[in-house]
Structures are given as C-alpha cells and as structure tokens.
Amino acid sequence: MRHWWVWVWLCLGATLFPPVHAAGPSTDKVLNPGAELWNEVRGRQAAPATTQVQGRDSQVLVNEWGEHFRDYRRQRFVRYSGYLLAGVVSLLLLYHLLHGGLEVTESGRKVLRFELTERIVHWLLAGVFLLLTVTGVVLAFGRFVVLPWSGPEVFAVIASASKEGHNLFGPLFIVALLWFFVLFVGRNLPRLVDIYWLIRAGGMLGGGHPAAGFFNGGEKIWFWILTIGGLAVSTSGVVLDFPALVEGRNPLVLALVVHGIAAVVLIAASFGHMYLGTLGVKGSLEGMKSGLVDEAWAHAHHVLWYEELNRKAQAESSAREQGQ
Ligand code: HEM
C-alpha cells in the first residue's frame, strides 16, 4: 500500500502509450459516393465561385486549412504529445525506481509554510487543472484511448460530457490562475542562488541539498511555465469558447494549435510537479495539506528561507524582551 502512487503512475503510462502509438494516418479506405463531385469542386478552387448566401466564408466550398489541420492533429499532435506524456511518466517511474524519493529525518518541530488562503487557491487551481486535463485528454485522445474500451455509445456520452465540462471549467481556471499568480509571484522572482541550484540539478549532481530560498530554481521554473502556458491556454481557450471574437476560420485553427501544444506542455510539466509533491520529496505534501512542515525539511530543502524565519523570530522575541 505504501507504493500506491507508483501504481498510479504505472497505470497512467500503460494506458496512454499503446493506443496513442497506434494513432496516425487512417488506413481505412471508405468509399465516398460524392468523391468525384468534391474532387471537381476542389479543382475549381482557383476560379471565383458565386453564391446568393451573403456571409463570411460563404463562397468557400472546400476549406483546405481544415484538412491540413485534421492531418496535423492526427499525424503529429496526437502522436507526438502521446509520446511526450508517456515518455515523461516513464522517466519519472524509472528515476523513482532507481533513485527513490528524497527523505529527511524529522525533528518533530513544525514551522508554518503556507497560509490557509494559499492552500485553498493551490488546491482550487490544481483541482480545476486536473479536471481540464482529464476532459481535454478525452477530447484529444479519446478516440484512440477510450473508444476501443468503451464502444461508441458510451464514448459518445463521455465525449460530450467532457466537452461541456471542459468549456465550463476553463473560465474557472483563468480566475484560479490569476489569483494564484498574485499570491505567489513575489516569491518566484529569479535570484542568483536559483542558477546555482539549477546547475547542481537540485542536488542530483554533487550530492547534498543546494541552498534555496522559499521556492527553489525548479519550482520557479514550474511557476513560470504555468504562468506563460496558462496564459496561452487561457487566451486561446477564450477564442475557442467565443468564436465570434475573431474574423474567419484561420484564427480558430491557430487557437486550436496553440491551445493543444500549450496544454500538453503544461500537463507534462505538471506530472513532474505532482511526482515531486508526492513521492519525490517526502514531507512536501504535508505543507500543502496542513500548512506546516518539519523544521528539518525546511532546513534541508529551503535553508535560506529557514534562516530568514529564524532571524525574524529572534528579532521579534528580542523586541518583546525590550518592551517588557
Ligand atoms: C496531486 C497533485 C498535486 C500535488 C500533490 C501538489 C503538491 C504541491 C506541493 C507540496 C507544493 C509546495 C511545494 C513546497 O512546499 O515547496 C506545491 C506547490 C505548487 N503547486 Fe502543486 N500539487 C499538485 C498539483 C498541482 C497542479 C495541478 C498545479 C497547477 C496547475 C500546481 C501548481 C503548483 C504551484 C505553481 C506551486 C508553487 C510553486 C512555486 O510557486 O514556485 N500543483 N504543490
């Protein structure tokens, strides 16, 4: 039972990899009775077409960009993002099996790391992000990952629930992200010590725990990936939720491409973050659950922050003594 998280990661990799690998150009040859007509229409694309319907794109009979996008989605996006996600899960598993998580002997004394509001906003953001991930993965990969197991009837229900849910949770993500940004940006500004932390790969090179402030270099990178990637998925998501905001179809295709790539990068990075928050660095999760961390954990992983806390506590106690 102690290693239940390993099984979660293992199942994730096993579910994503094989069906996504099978995705790609369809080899099914379906006879299209209208094929000749449409081939002729496509051949006439250069010639001006006339129509009585007055509206944007009303003279476009075949949207070539739509077809390019469909090919890109099936042949590149689904395949390579599947490889990336399954690859990240496999690397994390391999690292954990070879190296195990970082553990510090506890002192039994606790210090406050996160206020209640900070924890609520973190779990709100994390919860909405996970719901968007699950529904988004169904929309992008469902055809290859879910359909073969569920059959078309069940898949239709899952896919339409995912679409509605995804559209609904999107705006909530924007609110949570902005709130999170305001609360945490001050502690995520880059410092020289972060570069040293990154060069030492957080202690993987050279051993020990390199010095870090409240957040270390790796956490700051995650924060900025989340901020920039979050901005990209949010703006493109708003365009997709409200297509009337843009002119024509091509900006929508661009929004779909940006949305997909940014989301996959965010999901891949979040796997790393979730691994470190659970199995990778023991004792971290406690801080996000109760707000308190062990002093030995604080000293080992965030020594500069820990020293600052001590300095403040000493200054407060001597101010109290002088006041008496
Ligand atoms: C199972 C899921 C998750 C767990 C167990 C988890 C755990 C944690 C923990 C323990 C911390 C504090 C680390 C420290 O004390 O230094 C943290 C911070 C953070 N988490 Fe999560 N988290 C999860 C999901 C997420 C998700 C989905 C997101 C974003 C979409 C997220 C974004 C963040 C950010 C940005 C920070 C602060 C890092 C910084 O500002 O530098 N977390 N998380």
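Here we summarise the structure given alongside this text.

Basis of the calculations
- Residues numbered from 1 in each chain as written.
- Predicted model: local features only at pLDDT ≥ 70, side-chain atom pairs only at ≥ 80, totals over all residues.
- Heavy atoms only, no water.
- Helix = DSSP H or I, 4+ residues; strand = E, 2+ residues; numbered from the N terminus.
- Buried < 20%, exposed > 50% of the residue type's maximum accessible area, 1.4 Å probe, protein only.
- Contact = heavy atoms within 4.5 Å.
- Near = heavy atom within 4 Å.
- Polar contact = N/O pair within 3.5 Å; in protein donor to acceptor, adjacent residues only side chain to side chain.
- Donors = N, O, S within 2.8 Å, 3.2 Å for Na, K, Ca; no water.
- Tetrahedral: all angles 85-135°; square planar, octahedral: opposite > 155°, others 65-115°.
- Phe/Tyr/Trp six-rings, centres within 6.5 Å; stacked < 30°, edge-to-face > 60°.
- Lys NZ or Arg CZ within 6 Å of the ring centre and 35° of its normal.

Considerations on the overall build of the protein chain
When helices and strands are counted, the protein chain shows 12 helices and 2 strands. Relative to its 324 residues, the protein chain shows a buried fraction of 36%. In the protein chain, 77% of the contacts between residues at least 6 apart in sequence involve partners at least 24 apart.

Observations concerning the site of the ligand
Around the ligand sit 22 residues in total, of which Arg113, His122, Asn188, Glu219 and His273 are the nearest. At a separation of 2.8 Å, a nitrogen atom of the ligand approaches a polar side-chain atom of histidine 122. Between the ligand and the protein, one listed contact pairs an oxygen atom with a side-chain N or O atom of asparagine 188 at 2.7 Å. At the level of secondary structure, the elements contributing two or more residues to the shell around the ligand comprise helix H4 (116-145), helix H8 (217-241), helix H9 (250-280) and helix H10 (284-290). Sort the elements by how many residues they give to the shell around the ligand and H8 lands first, with 5 residues.

As for the coordination of the iron atom of the ligand
Looking at the iron atom of the ligand, the protein donor atoms are His122 (NE2) and His273 (NE2), and they sit 2.0 Å from it. Taken together, the 6 donor atoms surrounding the iron atom of the ligand define angles of 87 to 178 degrees at the centre, an arrangement classified as octahedral. One end of the pair, histidine 122, is in helix H4; the other, histidine 273, is in helix H9, with 151 residues separating them in the sequence.

Some remarks on the packing of aromatic side chains
When we look at a pair of aromatic rings, we describe it by the centre distance and by the angle of the planes. Throughout the structure, instances matching the rule amount to 16 aromatic pairs. Considering the side-chain rings of tyrosine 72 and phenylalanine 77, the 6.3 Å spacing of their centres and the 40 degrees angle between planes classify their relative orientation as tilted. What makes tyrosine 72 partly exposed here is its relative accessible area of 21%. Owing to a relative accessible area of 13%, phenylalanine 77 belongs among the buried residues under this scheme. Centre to centre, the rings of phenylalanine 129 and phenylalanine 173 are 6.2 Å apart; their planes meet at 45 degrees, and the pair counts as tilted. One end of the pair, phenylalanine 129, is in helix H4; the other, phenylalanine 173, is in helix H6 (residues 152-184), with 44 residues separating them in the sequence. The structure contains a cluster of three or more aromatic residues connected by ring pairs, namely Phe114, Phe180, Phe181, Phe184, Phe214, Phe215, Phe223, Trp224 and Trp305. The ring of phenylalanine 214 has arginine 113 sitting right over it, with the charged end atom 4.1 Å from the ring centre.

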